[in-house]
Amino acid sequence: MVSLQSSCFLNGPSLSVRSWGISPSLKGRRGDVVVRRVAVGPTGRQGDRNGSILTEAAAPVAPVTPVIDLNGAATVDGGVGDVHGEDSATEDQHVTPWAVSVASGYTLLRDPRHNKGLAFTERERDAHYLRGLLPPTVISQDVQVRKMINNMRQYQVPLQKYMAMMDLQERNEKLFYKMLIEHVEELLPVVYTPTVGEACQKYGSIFRQPQGLFISLNEKGKVLEVLRNWPERRIQVIVVTDGERILGLGDLGCQGMGIPVGKLSLYTALGGIRPSACLPVTIDVGTNNEELLKDEFYIGLRRKRATGQEYAELMHEFMAAVKQLYGEKVLIQFEDFANHNAFDLLAKYGSTHLVFNDDIQGTASVVLAGLLAAQKLVGKNLADQRYLFLGAGEAGTGIAELIALEISKQTNAPLEEARKKIWLVDSKGLIVRDRLSTLQHFKKPWAHEHEPVKELVDAIKAIKPTVLIGSSGAGRKFTKQVIEAMSSINERPIILALSNPTSQSECTAEDAYTWSQGCAIFASGSPFNPVEFEGKTFVPGQANNAYIFPGLGLGLIISGAIRVHDDMLLAASEALAAQVSEENFSKGLLYPPLNNIRKISAHIAANVAAKAYELGLATRLPQPENLVKYAESCMYSPNYRTYR
């Protein structure tokens, strides 16, 4: 990194420098450093965000013929100041995208990882050439947080808050995460569901600069090369989507990038994974959304979605390239894939990669945690309950399987026997044995002996469940008749309306409490405000995957795990359920408050890591004595550092 003393350095053959942190090859060397006119490309060095056109040499090199004439006197239309030649070039002529990495105050203020804004101290302003680039006042990071959250509260539209948060992340990374951590309950719905759903729908219109990697069919055969374009090399977590099933909103194609970006923000804020170790990826294979294909602002491939071999080959190339570049211990989280691909990818790569599907496994783990906590409220064990699901896709079958695994573990009963306590309803009605030949493979384990039942309310009357779980992605399916039917057969019915975003929730908190006469134990996937009913305040819980995946990811990383095992998911659920206090139970809550989420994530990480060591899947040896403290010590801190 060098400080340039000449403002017109591109017009001369060399420049003088004063150096700090300069490369060893230049220390003690006499003579000028030569700037060669070369094309820009990534250097491959950790943390180097720019390509470099500076070449160090002890003596002048032979002149090279530039793509454009950089002699100021020779420019005509562009004038002397047109050192890049862009103004003088016609539209069909090529120009070189010149860039120089310079350690100057101006550059430092525009580096989101190191920028501190008005929190730069007087000494730092002198040492890093910031004088005059900032107003004279110096304020603390805490004051900055108060200022930013106050500004955020001025916005009335959730999407405006989302865009303001993304802008902050792009200019001051540490301030973004400190603010998110300290105001997590307020800002989680802004940076993730439900607001992220609207952000994905309008992503083409609000897109400003890339926050992750877009890998499309155009890059087939070059995926490894594309991954190398990302400036970071020590990647620990990748969240990848193909945009086919974004929340409950359907196929949003390339615009699903908001999901990986949002998830990884939570990996850092809630789980303590450093931001530079996180990589958001969207696999763009087209979209079947006609509205997007006709939208002039759509940013993805304008073609129908690829399927079959073409799709499988691109995904396989991606998975192989990730393992080759980042190693076996990088966690790959599949996010918002359609059912047919989600199950296939998890089955195909579960034995060769460290993979995790949050829609199938993360949702299952957080719901199981809520049910484990509910045991104290209803006085029944998991095995004593009967479960009825509305929705038999990724989330529904994933939750059902994890519940069955936990019942089997608690009772030592065969898994097939545990499954008989769980019933699923899909778009065609109750899943029963008579439908076996027409069912998708992931639904078949849940086809029990029973006469066909078409309507949900009739299934409730027939099965008499104690727990009703909605994962249908269809809003308002838990009608008044459904809630009243559950209340008529249960003193305290457990009702979980898990679908996101809020518009797709099976019912609202107010519906559940009002129609059950205040008897329901309720939790939802999206946040709802407290409800007043007959003089009593009910606080609905949120079965948010953010309780699970950050801590799970941290546990996998600190143990050096090479595979994800079902027992790790059970360990995560048990750790989360153990964090629910008596005070929480007194309010009817199934989950602890999110304002203590980092402590919760540390306990989940410790349980997951312990299970990894127990199963022989951990590679980071020896095992730390206190895994909770070790997990906390590994967490990223958003506090500003002091610069030399």
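Let us look at the structure shown here.

Quick notes on the rules
Residues numbered from 1 in each chain as written. Predicted model: local features only at pLDDT ≥ 70, side-chain atom pairs only at ≥ 80, totals over all residues. Heavy atoms only, no water. Helix = DSSP H or I, 4+ residues; strand = E, 2+ residues; numbered from the N terminus. Buried < 20%, exposed > 50% of the residue type's maximum accessible area, 1.4 Å probe, protein only. Contact = heavy atoms within 4.5 Å. Areas by Shrake-Rupley, 256 points an atom, 1.4 Å probe, with all protein chains shown as cover. Core = buried A, V, L, I, M, F, W, Y, C linked by side-chain atoms within 4.5 Å. Phe/Tyr/Trp six-rings, centres within 6.5 Å; stacked < 30°, edge-to-face > 60°. Salt bridge = Lys/Arg side-chain N within 4 Å of Asp/Glu carboxyl O. Pairing = 2+ DSSP bridges. Right-handed = clockwise from strand over helix to strand, strands pointing away. Axes fitted to C-alpha atoms, helices over the stretch in contact; angles between N-to-C directions.

Overview of the overall build of the chain
So, step 1. Across its full length, the chain carries 24 helices and 18 strands.
So, step 2. A burial count over the chain gives 54% of its 644 residues as buried.
So, step 3. Contacts in the chain between residues at least 24 apart in sequence constitute 70% of all its contacts with a sequence separation of at least 6.
So, step 4. Accessible surface, the chain: about 28,300 Å² in total, of which carbon and sulfur atoms supply 49%.

Structural notes on the nonpolar core
So, step 1. Counting residues in hydrophobic clusters, the biggest one holds 126 residues, and the most contacted among them are Leu371, Ile403 and Ile469.
So, step 2. Not counting residues up to four positions away in its chain, the partners in contact with Leu371 are Leu382, Tyr387, Ile403, Val467, Ile469, Ile494 and Leu496.
So, step 3. Core analysis: the second largest hydrophobic core is formed by 37 residues, Ile215, Leu301, Ala321 and Val355 among them.

Overview of the packing of aromatic side chains
So, step 1. For the structure shown, the criterion picks out 12 aromatic pairs.
So, step 2. An angle of 85° between the planes, with centres 5.6 Å apart, marks the rings of Phe334 and Phe337 as edge-to-face. Each member of the pair, Phe334 as well as Phe337, is classed as buried.
So, step 3. Centre to centre, the rings of Phe343 and Phe442 are 4.3 Å apart; their planes meet at 10°, and the pair counts as stacked.

Focus: the pattern of salt bridges
So, step 1. On inspection of all chains with the given rule, the structure shows 28 salt bridges.
So, step 2. Ionic pairing is found between Arg131 and Glu122, a salt bridge with its closest N-O pair at 2.6 Å.
So, step 3. Of the residues examined, Glu122 reaches a relative accessible area of 39% and is grouped as partly exposed.
So, step 4. In this structure, Lys409 and Glu574 form a salt bridge, with 2.8 Å as the shortest nitrogen-oxygen distance. Residue Lys409 is found in helix 15 (residues 394–411), and its partner Glu574 is found in helix 21 (residues 566–577); the two are separated by 165 residues along the sequence.
So, step 5. By sharing partners, the salt bridges in this structure join Arg245, Asp336, Asp359 and Glu394 into a single network.

Description of the pairing of strand 13 (residues 467–470)
So, step 1. Burial along strand 13 is two-sided: the face carrying Val467 and Ile469 and the face carrying Leu468 and Gly470 are both buried.
So, step 2. Of the strand pairs in this sheet, strand 10 (residues 387–390) and strand 13 are connected by four bridges, and their pairing is parallel. Residue pairing across strands places Leu390 opposite Gly470, the latter belonging to strand 13.
So, step 3. Here strand 13 runs beside strand 14 (residues 494–497); their pairing, made up of four bridges, is parallel. Bridge assignment links Leu468 to a residue of strand 14, and that residue is Ile495.
So, step 4. Where the polypeptide runs from strand 13 across helix 18 (residues 480–489) and back to strand 14, its parallel neighbour, the crossover connection is right-handed.

Quick look at the sheet that holds strand 6 (residues 237–241)
Each strand in a sheet pairs with another by means of backbone hydrogen bonds, the pair being arranged parallel or else antiparallel.
So, step 1. Spatially, five strands are ordered 5-7-6-8-9 in an open sheet, and the strand pairing comes out parallel. Each edge of the sheet is formed by a strand with only one pairing partner; in this case those strands are strand 5 (213–216) and strand 9 (354–357). Taking the axes of each pair of neighbouring strands and ignoring which way they run, one obtains an average angle of 25° across the sheet.
So, step 2. Strand direction decides the pairing type here: strand 5 and strand 7 (residues 278–284), joined by four bridges, are parallel. Within strand 7, the residue paired with Ser216 across the bridge is Asp284.
So, step 3. Most of the contacts of helix 13 (residues 339–349) go to strand 9, to which it runs at about 155°, and overall it touches strand 8 (331–334) and strand 9.

Quick word on the environment of Ala543
So, step 1. Of note, Ala543 is situated in the loop between strand 18 (541–542) and helix 20 (549–559).
So, step 2. Residues Ala543 and Ala369, 174 residues apart in the sequence, show an inter-C-alpha distance of 8.9 Å.
So, step 3. Setting aside chain neighbours within four positions, we find Ala543 in contact with Val366, Leu498, Ser524, Gly525 and Tyr591.

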